[in-house]
Amino acid sequence: MLRVLLLTLSAVAIADAELCKPDAQNAFKVRLSIKTALGDNAYAWDANEEFLFKAMVAFAVRKYSSKSTTQISNVLLCNMTDRVSFWFVVTDSSKNATTVPGSEVEAAIRMNRNRINSAFLLSDKTLQFLKITSTLSPPVEPSTPVWLIVFGVVLCLIVAGIVFLVVAGIRQRKKKNKESTERENLEEKGEVTVTVENGIPCEALDLKAGHINGVFAADDERFTSL
């Protein structure tokens, strides 16, 4: 009985070795950069991490294909290296001698890529499935709605325009007041401006002091003497 069991286990191991090997059909290579991603908080890759990886791949296949028969034991790992890289395949639970098509495994990994990355605290750059293209990260939505940002910009422009007009009006008013004050000071000092008409300078009439016409003054003296 023991001999039969050992032969069975040996046959299974040989079959698994044939299914999971570099560049085998439906096999995928994985490379992890744990130290690069986590630095001093990096964890060691051991049998427990391997078990978690198998569980996440089995979960992805089960969720994608709705096959509840896929188990952790259907995920085979091989060619493990110290720099944490290895190959894996997913065997068909109904036919252990065959593997799940690579296209189905790839689609399952892509659909659940974020869940797998989160389980190992890694990203697409530090947890690489070499034959599977990276998934596009969802667009980052701004915390503030776009319409509110546009409204704020327009409001700022309007306020800036109003401030500019107010400041310009104040400066213009101060300039006019200054010119008016200077004009009043000139009038108080008796400074008379000389105007030019037809090329002949003419003195402006001083309305306060008056102006005596010499011709009429002579006539007044002549008639007064009579």
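Residues numbered from 1 in each chain as written. Predicted model: local features only at pLDDT ≥ 70, side-chain atom pairs only at ≥ 80, totals over all residues. Heavy atoms only, no water.

Student: Whenever I open this one, the pattern of salt bridges confuses me. Can you help?
Tutor: Pairs can form between side chains of opposite charge whenever their charged atoms are close. The full count for this structure, using the stated rule, is one salt bridge. With its nearest N and O atoms 3.4 Å apart, the salt bridge here joins arginine 113 to aspartate 124. Of this pair, arginine 113 sits in helix H5 (residues 113-119) while aspartate 124 sits in the loop between H5 and strand E4 (127-129), placing them 11 residues apart in sequence. Accessibility classification places arginine 113 together with aspartate 124 in one group, the buried group. (Salt bridge = Lys/Arg side-chain N within 4 Å of Asp/Glu carboxyl O. Helix = DSSP H or I, 4+ residues; strand = E, 2+ residues; numbered from the N terminus. Buried < 20%, exposed > 50% of the residue type's maximum accessible area, 1.4 Å probe, protein only.)

Student: Would you explain the nonpolar core in this entry?
Tutor: Nonpolar side chains in soluble globular proteins tend to be buried together. The biggest cluster of nonpolar side chains holds 26 residues, and the ones touching the most others in it are Leu32, Phe53, Phe88 and Phe129. Taken together, the elements giving at least two residues each to this core come down to strand E1 (28-32), helix H3 (47-65), strand E3 (85-90), helix H4 (102-111) and E4. Element by element, the count of residues in this core is highest for H3, at six residues. Setting aside its immediate chain neighbours within four residues, phenylalanine 53 contacts Val30, Trp45, Leu77, Phe86, Phe88, Phe120 and Phe129. (Core = buried A, V, L, I, M, F, W, Y, C linked by side-chain atoms within 4.5 Å. Contact = heavy atoms within 4.5 Å.)

Student: Just to check I follow, could you spell out the state of the cysteines for this structure?
Tutor: Working definition: the covalent bond between the sulfur atoms of two cysteines is a disulfide. Within the structure shown, the criterion is met by one disulfide. Bridging cysteine 20 to cysteine 78, the disulfide has an S-S length of 2.2 Å. Its torsion about the S-S bond being -85°, the disulfide of cysteine 20 and cysteine 78 is classed as left-handed. One end of the pair, cysteine 20, is in the loop between helix H1 (2-19) and E1; the other, cysteine 78, is in strand E2 (residues 75-78), and 58 residues separate them in sequence. (Disulfide = S-S within 2.5 Å.)

Student: Any chance you could explain the pairing of E2 here in plain terms?
Tutor: Successive residues of a regular strand alternate their side chains across the two faces of the sheet. The pairing of E2 with E3 spans four bridges and is classified as antiparallel. Note on E3: the bridge partner recorded for leucine 77 is phenylalanine 88. (Pairing = 2+ DSSP bridges.)

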